[in-house]
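The primary structure of each chain is shown beneath.
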Amino acid sequence: MSWDEALSEASGAIAEAIASHGPSSVAFYLSGQLLTEDYYVANKLAKGFIGTPHVDTNSRLCMSSAVAAHKRAFGEDCVPGCYEDFELADLLVLAGSNAAWAHPVLYQRMEASRRPGRRVVVIDPRKTATSELADLHLQLKPGTDTVLFNGLLVWLAESDSIDRDYVDAHCEGYEEALRSAFKAAPGIEDVARQCDLDAADVAVFYRWFADTARTVTGFSQGINQSVAGTDKCNAIINCHLVTGRVGKPGASPFSLTGQPNAMGGREVGGLANTLAAHLDYDTPGARALVAEFWGSDALPAAPGLKAVDLFDAVHQGEIKVLWIMGTNPAVSLPESARVRDALVRCPTVIVSDCMAETDTTAFANILLPAAGWGEKDGTVTNSERRISRQRSFLPLPGEVRPDWQIVSAVAGALGHGDAFGYQQPADVFREHAELCGLASARAGKILDLSGLQRLTDQEYNDLEPIQWPASTRTDGNVSCAPRLFGDGIFATPNGRARVVSVETTLPAQQTSIARPLIVNTGRIRDQWHTMTRTAQASRLFSHRPEPFIEVNPEDARRIGVSEGALGRLSGAVGSQSYVGRVRITPSQRPGEVFVPIHWNGQFASRGVASDLVGAITDPLSGQPEGKHGAGSLKALTIRWQARLMRRREDPWRQEDEALCDYWSRQPLQHSESWWLAGGWPVDWQQDALAWMGGEPNVILADMAQGRFRAARIVDGQLQSVLMVEPDADALPDLTWLDQCFAADRLSREQRQCLLAGRAVDTEDTGDLVCSCFQVGEKQITGAICDGQLSVDELGKTLQCGTNCGSCIPELRGLIEKTVASLETAET
Ligand SMILES: Nc1nc2c(c(=O)[nH]1)N[C@H]1C(S)=C(S)[C@@H](COP(=O)(O)OP(=O)(O)OC[C@H]3O[C@@H](n4cnc5c(=O)[nH]c(N)nc54)[C@H](O)[C@@H]3O)O[C@H]1N2
Ligand SMILES: Nc1nc2c(c(=O)[nH]1)N[C@H]1C(S)=C(S)[C@@H](COP(=O)(O)OP(=O)(O)OC[C@H]3O[C@@H](n4cnc5c(=O)[nH]c(N)nc54)[C@H](O)[C@@H]3O)O[C@H]1N2
Ligand SMILES: [Mo]
C-alpha cells in the first residue's frame, strides 16, 4: 500500500487502542541500532504524546546491567573512562568479553599497545581469540564472577592495598561491602574452589591487580547477561573504587557497549525505567521539566515494562499495538517460541526494518520500509561517550524512509504535528541537546549537551566526533571530557560513590541429570546478531558456514558425537531444540557447550540459540540470563546428507522442509545453497524432483555408495544441483559451483566438471581465515612454511589481516601452531 495508507493504518490502530484500552495498551520496542535522532523522536512520541510508559529496547538484553550498576555506584549511567585507557593501562583485565571478535578495532589498539610489563588477564569460561592476548586466562566456572571479584576486594583489604584516603573522602558503603564480600569469598582457596580455578592463578591475578595502579577492567556480555549481572558489574567497580582507580588515565572500570548506538539510546531515555535525557521518573522535578519542554500533559506517572515483561504483557493480551523498530525479538529474546506466540496474539504488530524478510517481520501486520545505516543521517554515541555523525553514503532506495521521519509522520497523523515538525535530523539533535542541557542545569545530570544545542545545520553536518559532557565554556568554545569522576566527585546526591554490597547469586538455570550441560551463547567473528544483513555478504559465511555446537572432547566422547556430525541440543524450555554441527574443541570446559546467537528461521531449520535459554532476568536490571541455559546433547540420527543449490530467485518453500530433518541455508553470490540431512530413506530419483524444481537432466548415481548427484539445466542455464554425498569433503568446490550459476550458458568444461568433483583448475585453499581478502588456512600455512613468520609478512604477501584485522589473532595462532609442528618434525 502507499505510505499514506500505511501511516493512516498505523495511526488508526494506535488511536483506537488509546480510545478503547488507554495509552498503556500501546508499546514500543526499540533498538541500539537506531540513530539518536530516531530514538529521541520515538521516545518522545511514546512517552510524551501517546502517554505510554511501555517503551523498552534491545539494550535491555545488552547493557542494562551495566546501566543499573553505574547508577548504583556513580549515581548516573556514565562510563568513566575512554578508549585511550586501554592503551595506557599496565594491567588490562577483560571480563566476559571476546573483544577480538566483538570489538575488533578497539582490540587492535590493545594488541598494538603490547609492551614489556603490560599484562593482560582474560576472565572467560572459554578459550577465545581474545584469550590469546592473555598473560593469564582465568577459565572460571560460568556465573561465578561475583565470587572472584568479592574475593579480590577481601584480598585487597587484607593485603593493605586499599586507598584509604580515597575511600574516606569519596566513597560510602565500603565496610558493609567488605563484610558481604568476606561472607561470599573469604579467601583465595575458597574463591578457587567456587570458581573452579587454580588457587595459584587467582593469587597471581589478585597480586597483579593490587600492584598495578594503571588497571583497566573492560567488561561485556559475560558479565551483563546474568541474573547477577548488575552485581557482577558492581563487584568489578567496587575493586576500582577502593583502589581509587576510576576515571584516571589508564585506570578505570569500562563497560564495553555492544551496538553502534546503545549509548545514544540510553541518553534519550529509550529504556523503560527512564524518562529522557538521563532523567528517571523519580528524579525530583523530572516529569514537570520534560512535560514543559515537550509541551505535553500526557507523560506517564511511573516506569513501564522491561523487555521480557513487556512481551509477557503482549502474550497476555494487555498490549494491543506493538511497534518494533530496528530489532528482531523473535530471535534475540529468550524463550523465542513464547515471543513468537505473543506476536501472533497481538492485534496489531507494526515493524520498521530495513530488511523485508526476518523472523519478526513475518509477524508484522504493518511492515514499514526503514532506511539502513548507510542510507540515513544522524548521530551515534559509542562506549566512551563519543558522539559521531553518521552520514549517509547511499541514496534512499525506492520509497524507504528514515525512522525519525516515519515516527514523525505517525505523530502528525495522530494530531501532534506541531511537536514533530522536524525537517531534518539536525532539528531533532538540537532539541535533544537542549533537553540534556536543561536536565544537567536543573537536575545536575552529567550528560550535558548544551554546548551542541545551537549548532547550525552546517556545524552539525561537519561535527567532529566529540565526547560528552559537552557544554559551552566561558570563551564560547565547547568543552568535552575524555574522563569522568577523576576528581572523586560523583553524581550521587552527596557526591560520594557507593561501594555496593554484593552477595553470591548463582545462575538460575541450573543443570540437572536430564540437562547436564551449561549452554553458553555468544558471537562469532563474521556475523552480526540475527544476520539479517551480514548473511547477504556470502563471503562472511566462509568462516562458520553453519550453525554449530562447540563441545569439549570428553563430553563428545561420553555422548557419542563426532566432529562434523549434526547434534541436537535440547533446552529446558518447552520442547525447543537447536540443531548444529558438532565442533569438538578443548576451548570449552567439560560440561559446557557454546552456540552462536546468529542463526534463525531464515537460515536454518533449528538454529535459534534463544530457544535454549529461559526468560529469567536480573531482578535489578531486567537483563536476561542469556549466557547460562541448561541443555542436553545427542547426535542427530541421520541417514543421508546433501547439498542443494538453486538459483537466487528460487526461494526455500514450506514444502521443501517436509523432506528433511535439517537444513541450513547459505546465500552465495549467484545462487542459494542448502545443507540438508534426513533420518529416513529417500528415493532420490523421485524425491529429488521437488527440491530441484523439476526433472534433472544430468544424473550420476551410485546408490550402493550412498552417492547421488544431479543437475537441472534449462536452455543451457544451470537451475539446480543436488548432491548426496557421504563424505562432504568430496563435494565440488562451492565457489566454483556458484560460478556455474552465473553463466547464461554453461561452458563445456563446466558441464563436464559439474558432477564429477572438484573442478580441475580450482585450488583448495582450506578453511577461510581472512574474509576480507578470502585467504584460506592452507595458503597461510604454506606461506608460514616458506618462512613468513609474522602477521606483517603474511599481510604483505597474501593481504590477510590487512583490512578489518579481526583475523589477526587466528593468524598469530596459525603461526604458532605451524612453527611448533615444524619444530616437532625436525626433532
Ligand atoms: N562480530 C560481531 N561483533 C559484535 C556483535 C556481533 O553480533 N558480531 N555484536 C555487538 C554487540 S550488540 C555486543 S553486546 C557485543 C558483545 O561482545 P562480547 O560480550 O565480547 O561477546 P559475547 O560473545 O556475547 O560474550 C563474551 C564472552 O562472555 C563469555 N562468558 C559467558 N559466560 C560467562 C561468565 O559467566 N563469566 C565470564 N567472565 N564470561 C562469560 C563467553 O564465553 C564469551 O566469550 O559485541 C558487539 N560486536
Ligand atoms: N541468548 C542470547 N541472546 C542474546 C544475546 C546473547 O549473547 N545471547 N545478545 C543480546 C544482545 S547483546 C543484543 S544487542 C541483541 C541483538 O538482537 P537484535 O536487535 O534482535 O538483533 P539484530 O539482528 O541486530 O536486529 C536488528 C534488526 O533491525 C534491522 N535494522 C538495522 N538497521 C536498522 C535501521 O536503521 N532501522 C530499522 N528500522 N531497522 C534496522 C535489521 O535488519 C534487523 O532486523 O540480542 C540479544 N540476545
Ligand atoms: Mo548487544
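Every value quoted in this text rests on a predicted model; they were computed, and no experiment measured them.

*Asks:* Looking at this structure, I do not really get the overall build of the protein. What am I missing?
*Replies:* From N to C terminus, the protein includes 29 helices and 33 strands. Over its C-alpha atoms the protein spans a radius of gyration of 28 Å, differing by no more than 12% from the 28 Å that the globule rule assigns to 827 residues. Expressed as lengths along the three principal axes of its C-alpha atoms, the size of the protein is roughly 80 × 75 × 55 Å. For the protein, with 827 residues in total, the buried portion stands at 59%. When contacts within the protein are restricted to residue pairs at least 6 apart in sequence, those whose partners lie at least 24 apart make up 70%. Each charge class in the protein was averaged separately, 76 positive and 104 negative side chains, and the resulting centres sit 2 Å apart.

*Asks:* Can you help me understand the site of ligand 2 in this one?
*Replies:* Within the structure, ligand 2 sits among 32 residues, and Q33, N58, S332, D353 and T530 are positioned closest to it. For ligand 2, an oxygen atom lies 3.0 Å from a polar atom in the side chain of K627. About the coverage of ligand 2: the protein hides 98% of its 920 Å² of free accessible area. Residue classes in the shell around ligand 2 are distributed as 9 nonpolar, 17 polar and 6 charged. Residue-level mapping places the shell around ligand 2 at the junction of two domains, with at least three residues from each of domain 1 (3–58 + 261–297 + 330–415) and domain 3 (517–635).

*Asks:* Quick question: what am I supposed to make of the UniProt feature "domain: Molybdopterin oxidoreductase" (unreviewed entry) in the protein here?
*Replies:* As recorded in UniProt, the sites labelled "domain: Molybdopterin oxidoreductase" (unreviewed entry) are residues 2–412. End-to-end, the C-alpha atoms of residues 2–412 are 17 Å apart, and along that stretch the chain is 45% helix and 15% strand.

*Asks:* How should I be thinking about the domain arrangement of the protein in this particular structure?
*Replies:* Interface size is commonly expressed as the accessible area that is lost once the parts come together. We note that the domain assignment places domain 1 (3–58 + 261–297 + 330–415), domain 2 (64–255), domain 3 (517–635), domain 4 (640–756) and domain 5 (768–826) within the protein. Of note, the centres of domain 2 and domain 4, computed from C-alpha atoms alone, are 51 Å apart.

*Asks:* Explanation requested: the site of ligand 1 in the structure shown.
*Replies:* The immediate surroundings of ligand 1 are formed by 32 residues, with A102, D124, G143, R523 and Q527 found nearest. N98 places a main-chain nitrogen or oxygen 2.7 Å from an oxygen atom of ligand 1. Here an oxygen atom of ligand 1 and a side-chain polar atom of K232 are 3.3 Å apart. About the coverage of ligand 1: the protein hides 97% of its 910 Å² of free accessible area. When residues of the shell around ligand 1 are traced back to their parent elements, those giving at least two are α5 (99–102), α12 (221–224) and β20 (517–522). Of the residues that constitute the shell around ligand 1, the class distribution is 9 nonpolar, 16 polar and 7 charged.

Here is what the cut-offs are and how they apply
- Residues numbered from 1 in each chain as written.
- Chains lettered and ligands numbered in written order.
- Predicted model: local features only at pLDDT ≥ 70, side-chain atom pairs only at ≥ 80, totals over all residues.
- Heavy atoms only, no water.
- Helix = DSSP H or I, 4+ residues; strand = E, 2+ residues; numbered from the N terminus.
- Rg over C-alpha atoms; globule rule 2.2 N^0.38 Å.
- Buried < 20%, exposed > 50% of the residue type's maximum accessible area, 1.4 Å probe, protein only.
- Contact = heavy atoms within 4.5 Å.
- Lys, Arg positive; Asp, Glu negative; His and termini not counted.
- Charge placed at Lys NZ, Arg CZ, Asp CG, Glu CD.
- Near = heavy atom within 4 Å.
- Polar contact = N/O pair within 3.5 Å; in protein donor to acceptor, adjacent residues only side chain to side chain.
- Areas by Shrake-Rupley, 256 points an atom, 1.4 Å probe, with all protein chains shown as cover.
- Nonpolar A, V, L, I, M, F, W, Y, C, P; charged D, E, K, R; others polar.
- Domains from an automatic or database assignment.
- UniProt positions renumbered as here; feature names shortened; annotations may be inferred.

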